[in-house]
Amino acid sequence: MIEFATFFLGLVLGIHRVEVVAGPQVARVEFLLDGQRAAELRQTPWSTSLDLGPALAPHELAAVAFDQKGREVGRVR
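Notes on the structure in this doc start here. Here the structure is a predicted model, which means the values were calculated and not measured. (Residues numbered from 1 in each chain as written. Predicted model: local features only at pLDDT ≥ 70, side-chain atom pairs only at ≥ 80, totals over all residues. Heavy atoms only, no water.)

**As for the side chain of Arg28**
By the element assignment, Arg28 lies in strand S3 (residues 28-33). In this structure the side chain of Arg28 is engaged in a polar contact, spanning 3.5 Å, whose partner is the side chain of Glu40. Setting aside anything within four residues of it in sequence, one finds Arg28 in contact with Glu40, Leu41, Arg42, Trp46, Val64, Ala65 and Phe66. (Helix = DSSP H or I, 4+ residues; strand = E, 2+ residues; numbered from the N terminus. Polar contact = N/O pair within 3.5 Å; in protein donor to acceptor, adjacent residues only side chain to side chain. Contact = heavy atoms within 4.5 Å.)

Below you can see the structure in the form of structure tokens.
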């Protein structure tokens, strides 16, 4: 339903482009950085720039896919 097209190998900092690939039933994608909403997209392309901060530190990045009725249909971390 949803998968990351962008991969980070190791710790990164600053602003980076992040992209996911989602199925045709996906109407909205939310990007969560450390559990907080960092971006919301309502159309393709499912990509955005995210600020990962000024210092090297581990983060959790998740993308959540929703259908047109607002139901979660996929999640990737």
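Moving on from the model shown.
**A word on the packing of aromatic side chains**
What the rule picks out here adds up to zero aromatic pairs. Against the face of Phe66 rests Arg28, its NZ or CZ located 4.0 Å from the ring centre. (Phe/Tyr/Trp six-rings, centres within 6.5 Å; stacked < 30°, edge-to-face > 60°. Lys NZ or Arg CZ within 6 Å of the ring centre and 35° of its normal.)

**Focus on the environment of Val20**
Note that Val20 resides in strand S2 (residues 15-22). Linking Val20 and Leu32, residues 12 residues apart in sequence, is a C-alpha distance of 13 Å. The contacts of Val20, once residues within four sequence positions are left out, are Ile2, Glu3, Phe4, Ala5, Val29, Phe31, Trp46 and Ala63.

**Topic: the pairing of S3**
Buried residues dominate S3, accounting for six of its six residues. Every second residue of S3 is oriented toward a common face, with Arg28, Glu30 and Leu32 on one face and Val29, Phe31 and Leu33 on the other, all of them buried. Relative to strand S6 (residues 61-66), S3 runs antiparallel, the two sharing six bridges. Bridge assignment links Glu30 to a residue of S6, and that residue is Val64. Hairpin geometry of S3 and strand S4 (residues 36-41) is characterised by an intervening segment of two residues between the two adjacent antiparallel strands and by a positive phi of about 55° at Asp34. (Buried < 20%, exposed > 50% of the residue type's maximum accessible area, 1.4 Å probe, protein only. Pairing = 2+ DSSP bridges.)

**Here we look at the nonpolar core**
The biggest cluster of nonpolar side chains holds 18 residues, and the ones touching the most others in it are Ile2, Phe4, Val20, Val29, Phe31 and Ala63. Of all the elements in the fold, those that place two or more residues in this core are strand S1 (2-4), S2, S3, S4 and S6. If sequence neighbours within four positions are ignored, Val29 has contacts with Ile2, Val20, Ala39, Glu40, Leu41, Trp46, Ala63 and Val64. (Core = buried A, V, L, I, M, F, W, Y, C linked by side-chain atoms within 4.5 Å.)

**A word on the environment of Glu19**
Relative to the helices and strands, Glu19 is located in strand S2. Glu19 gets classed as partly exposed once you look at its relative accessible area, which sits at 35%. With residues near it in sequence (within four places) discarded, Glu19 still touches Phe4, Ala5, Thr6, Trp46 and Ser47.

**Examining the sheet that holds strand S7 (residues 72-76)**
A sheet is described by the order of its strands in space; here four strands give the open sequence S4-S3-S6-S7, paired in antiparallel fashion. On the outer flanks of this sheet lie S4 and S7, each paired with one strand and no other. Averaged over all pairs of adjacent strands, the angle between strand axes in this sheet comes to 20°, irrespective of strand direction. (Axes fitted to C-alpha atoms, helices over the stretch in contact; angles between N-to-C directions.)

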